[in-house]
Amino acid sequence: MKLCGGLVLSVFLLGLLGTVAHASSPSVLTEWTGIKPRHMRLFRSALQRQTSDEEQSYLWNPLPNQKWGKCMRSSSTSSLPEKSEGYLQVFLDGGLNQQRMGICDAVAVAKILNATLVIPHLEVNPVWQDSSSFEDIFDVEHFINVLKDDISIVRELPDEFSWSTREYYAAAIRPTRIKTAPVHASANWYQDNVLPVLRSHGIAAIAPFSHRLTFDNLPMEMQKLRCKVNFQALTFVPHIRALGEALVNRLRYNSGDSETAETNYIRRVTDSSNGQPGKFVVLHLRFDKDMAAHSACDFGGGKVEKLALAKYRQMIWQGRVLNSQFTDEELRSQGRCPLTPEEIGLLLAAMGFDKNTHLYLASHKVYGGEARISALRKLFPLMEDKKSLSSFEELSEIRGKASLLAAVDYYVSMQSDIFVSASPGNMHNALVGHRTYENMKTIRPNMPLLGQLFLNKTIDWSDFREAVIEGHKDRQGQMRLRKPKKSIYTYPATDCMCGA
Ligand SMILES: *[C@@H]1O[C@H](CO)[C@@H](O)[C@H](O)[C@H]1NC(C)=O
Ligand SMILES: *[C@@H]1O[C@H](CO)[C@@H](O)[C@H](O)[C@H]1NC(C)=O
């Protein structure tokens, strides 16, 4: 007894440190740990849930045609300027999806200025620590080719400008660097402030560049060009697409290449395949320590967890976290607490996803590791992720590279029948926008509703279910038009989609 207690405690503490996200022996962990489900009543009922065929077909049916079509720039004729004003460089920070938006904006700014774009430089993000370059992630040839009638793009600067590097700008103040681009700057701002630099030096380097081009009052042509970059020009390198495709096939047909995927996966997937492609849900879960600490919510890990998160908050933000002035209850009822894996599991179960649902977890690192995920896994035993679905060799090219791992998740997410994102952020926005563009089903959790439901400790399963179903009827991918100031990458209609 003493031994068990010690083991539970130490694994729990390790989990808190976030270091056992994928320990080598998950079976031992699931046997012994599992942070106790916080919503025990609901959790027990969810384990016993039954769903009807009717519910299943409602859930899995693709979105109806919403009469919105893609309408892109039709560049049958070249619109390249007669002469280039010079070379435009951008240095992009953020993770994969923030950089993606930056690339789209860079193309538009190059167009506005009649400049030649240099393939953007991706900075190494302090959180994600990935030094992959544009070429390592995106198919450069395809990128240049798709945009060849819109702007000129070069992979590298010609020799006369080879001095213009990241290191050169890091070392001192340089006249060719534009450091002051305001957030959501207008086209005029670029013409007034960057064009003169291009004209006198033949080159301009903009950094920082994230979110530096407005979404409003731009010519329609420019908006469409941004969408063309996002939805057509940016594709991942062949090996990422191939791996993504292999994972999708394994999710759909239950039969991997047994040579390579004789891992956990074969053991866990027991459905008898009848040759019909199976359907699957992608769950994007960003429940990491940063997010947990920043939210200042209580995640049921007791005093130990509370202290650990408060300490982390103090260390990183010196207590400057707005949420920490509210109680957990206040934050929850406003929908400001990230959903835990258990809560996501309850949401999906209440919506009608049964135990045979193939769930793919698109996630970088889950705070609390396997212990935290176990409740979700109990509700969805056929849960997979890129690690469980692939062999050690298959992952060798991307292991430890956050951007490439995220790219694989992005690819799989775009192929899924249903996508659910449990956390707002760049990946959420990018996929919501991209799936809107393709008219694909995307469930957006109703955070304030769920927050309030989870606060009710006496609510029973049928009331919970009813409220969840009702509260998510209109959150499954129905078209939402962009409002002023909002991103065209999240809301592609009506700038890049026409119809209705
Ligand atoms: C870019 O070139 C086009 C024609 O090639 C011209 O109409 C436009 O004024 C130019 N823009 C700038 C900012 O020079
Ligand atoms: C909790 O849910 C029950 C229904 O299951 C409801 O009758 C009750 O009013 C709810 N309590 C609160 C505080 O909302």
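In this text the structure is predicted, and so the values were computed from the model without any measurement.

Asker: Lay out the overall build of the chain with the relevant residues and their values.
Answerer: Regarding its fold elements, the chain presents 23 helices and 13 strands. In the chain, of all internal contacts separated by at least 6 residues, the share reaching a separation of at least 24 is 79%. A total accessible area of about 23,000 Å² is found for the chain, and carbon and sulfur atoms account for 52% of it.

Asker: Could you give an account of the environment of Val118, with specific residues and numbers?
Answerer: Examined against the element boundaries, Val118 turns out to sit in strand β3 (residues 116-118). By relative accessible area, which is 6% here, Val118 ends up buried. In sequence terms Val118 and Leu88 are 30 residues apart; their C-alpha atoms lie 6.0 Å from each other. Non-local contacts of Val118, meaning those with residues more than four positions away in its chain, are made with Tyr87, Leu88, Gln89, Val154, Arg155 and Leu157.

Asker: Run through the site of ligand 2, naming residues and quoting values.
Answerer: In the region of ligand 2, the neighbouring residues are Asn456, Thr458, Ile459, Asp460 and Asp463. Starting from 360 Å² of accessible surface for ligand 2 in isolation, the protein chains cover 35%. Here the shell around ligand 2 is composed, by residue class, of 1 nonpolar, 2 polar and 2 charged.

Asker: Go over the site of ligand 1, please, and point to the residues and values.
Answerer: Surrounding ligand 1, one finds Pro81, Glu82, Glu85, Ile112, Asn114, Gln191, Leu195 and Arg199. One of the side-chain N or O atoms of Asn114 is found 2.3 Å from an oxygen atom in ligand 1. Looking at the shell around ligand 1, its residues break down into 3 nonpolar, 2 polar and 3 charged.

Asker: Which residues make up the confidence of the model for the chain, and what values do they have?
Answerer: Averaged over all residues, the pLDDT of the chain equals 86, while 87% of them reach at least 70. Low pLDDT, under 50, characterises residues 1-33; the stretch is placed with 33 contacts to residues that sit more than four places away or in other chains.

Asker: Lay out the pairing of strand β2 (residues 87-92) in plain terms, naming residues and giving numbers.
Answerer: For β2, the buried fraction is high: 6 of the 6 residues fall into the buried class. Burial along β2 is two-sided: the residues Tyr87, Gln89 and Phe91 and Leu88, Val90 and Leu92 are all buried. Of the strand pairs in this sheet, β2 and β3 are connected by 2 bridges, and their pairing is parallel. Residue pairing for β3: Tyr87 is matched across the bridge by Thr116. Taking the sense of rotation as the criterion, the β-α-β connection linking β2, helix α5 (residues 96-113) and β3 turns out right-handed. Pairing of β2 with strand β7 (residues 203-206) involves 4 bridges; the strand directions are parallel. Bridging across to β7, Tyr87 finds its partner in Ile203. Looking at chain direction, β2 and strand β4 (residues 121-122) are connected through 2 bridges and run parallel. Of the residues in β4, the one forming a bridge with Leu92 is Leu122.

Asker: Explain the nonpolar core to me, and be specific about the residues and the numbers.
Answerer: Counting 85 residues, the largest nonpolar core has Leu113, Phe143, Tyr190, Val194, Ile206 and Tyr360 as its most contacted members. When residues in this core are grouped by element, the largest group, 11 residues, is from α5. In this structure, this core is formed jointly by two domains, domain 1 (35-64 + 238-499) and domain 2 (87-233), each of which donates at least three residues. With residues near it in sequence (within four places) discarded, Val194 still touches Leu88, Leu113, Ile178, Trp189, Ala204 and Ile206. Within the second largest apolar cluster, 51 residues are counted, among which are Leu309, Ala349, Ala375 and Leu376.

Asker: Describe the pattern of salt bridges, with residues and values.
Answerer: Overall, the coordinates contain 21 salt bridges when judged by the stated rule. Here Arg38 makes a salt bridge to Asp298, at a shortest N to O gap of 3.6 Å. Residue Arg38 is located in the loop between α2 (26-32) and α3 (40-47), and its partner Asp298 is located in the loop between α14 (289-295) and α15 (302-317); the two are separated by 260 residues in the primary sequence. With a relative accessible area of 18%, Asp298 lands in the buried category. In this structure, Asp328 engages Arg332 in a salt bridge whose closest nitrogen and oxygen atoms are separated by 3.1 Å. Here Asp328 and its partner Arg332 are both found in helix α16 (residues 328-333), 4 residues apart, which amounts to about one turn of the helix. Arg332 gets classed as buried once you look at its relative accessible area, which sits at 6%. Residues participating in the shared-partner salt-bridge network are Arg38, Asp298 and Lys306.

Asker: Please provide a residue-by-residue account of the sheet that holds strand β9 (residues 358-362), values included.
Answerer: Read across the open sheet, the 5 strands follow the order β10-β9-β8-β11-β12; overall the sheet is parallel. Only two strands of the sheet have a single neighbouring strand rather than two, namely β10 (383-384) and β12 (441-443). Sheet topology places strand β11 (residues 418-421) next to β12; 3 bridges connect them, and they run parallel. Bridging from a neighbouring strand, Ile418 pairs with Lys441 of β12. Each of β8 (280-284), β9 and β11 is contacted by helix α20 (residues 402-415), which is oriented at about 145° to β9, the strand it contacts most.

Asker: I'd like to hear about the side chain of Ser388, residue by residue, with values.
Answerer: Note that Ser388 resides in helix α19 (residues 386-389). Under the relative-accessibility criterion, Ser388 is labelled buried at 7%. A distance of 2.6 Å separates polar atoms of two side chains, one belonging to Ser388 and the other to Glu384.

Asker: Describe the side chain of Ser413, and please don't skip the residues or the numbers.
Answerer: Positionally, Ser413 belongs in helix α20. Setting aside residues up to four positions removed in sequence, Ser413 forms contacts with Val282, Ala362, Phe419, Met427, Leu431 and Arg435.

Asker: Please set out helix α4 (residues 53-60) residue by residue, giving values where relevant.
Answerer: For α4, the full list of buried residues reads Gln56, Leu59 and Trp60. When α4 is viewed along its axis, its buried side chains cluster within an angular range of 85° and face the same direction. On its buried face, α4 sits against β8, α17 (341-351), β11 and β12.

Rules used in this analysis
Residues numbered from 1 in each chain as written. Chains lettered and ligands numbered in written order. Predicted model: local features only at pLDDT ≥ 70, side-chain atom pairs only at ≥ 80, totals over all residues. Heavy atoms only, no water. Helix = DSSP H or I, 4+ residues; strand = E, 2+ residues; numbered from the N terminus. Contact = heavy atoms within 4.5 Å. Areas by Shrake-Rupley, 256 points an atom, 1.4 Å probe, with all protein chains shown as cover. Buried < 20%, exposed > 50% of the residue type's maximum accessible area, 1.4 Å probe, protein only. Near = heavy atom within 4 Å. Nonpolar A, V, L, I, M, F, W, Y, C, P; charged D, E, K, R; others polar. Polar contact = N/O pair within 3.5 Å; in protein donor to acceptor, adjacent residues only side chain to side chain. pLDDT = per-residue confidence, 0-100. Pairing = 2+ DSSP bridges. Right-handed = clockwise from strand over helix to strand, strands pointing away. Core = buried A, V, L, I, M, F, W, Y, C linked by side-chain atoms within 4.5 Å. Domains from an automatic or database assignment. Salt bridge = Lys/Arg side-chain N within 4 Å of Asp/Glu carboxyl O. Axes fitted to C-alpha atoms, helices over the stretch in contact; angles between N-to-C directions. Arc of directions from axis to C-beta.

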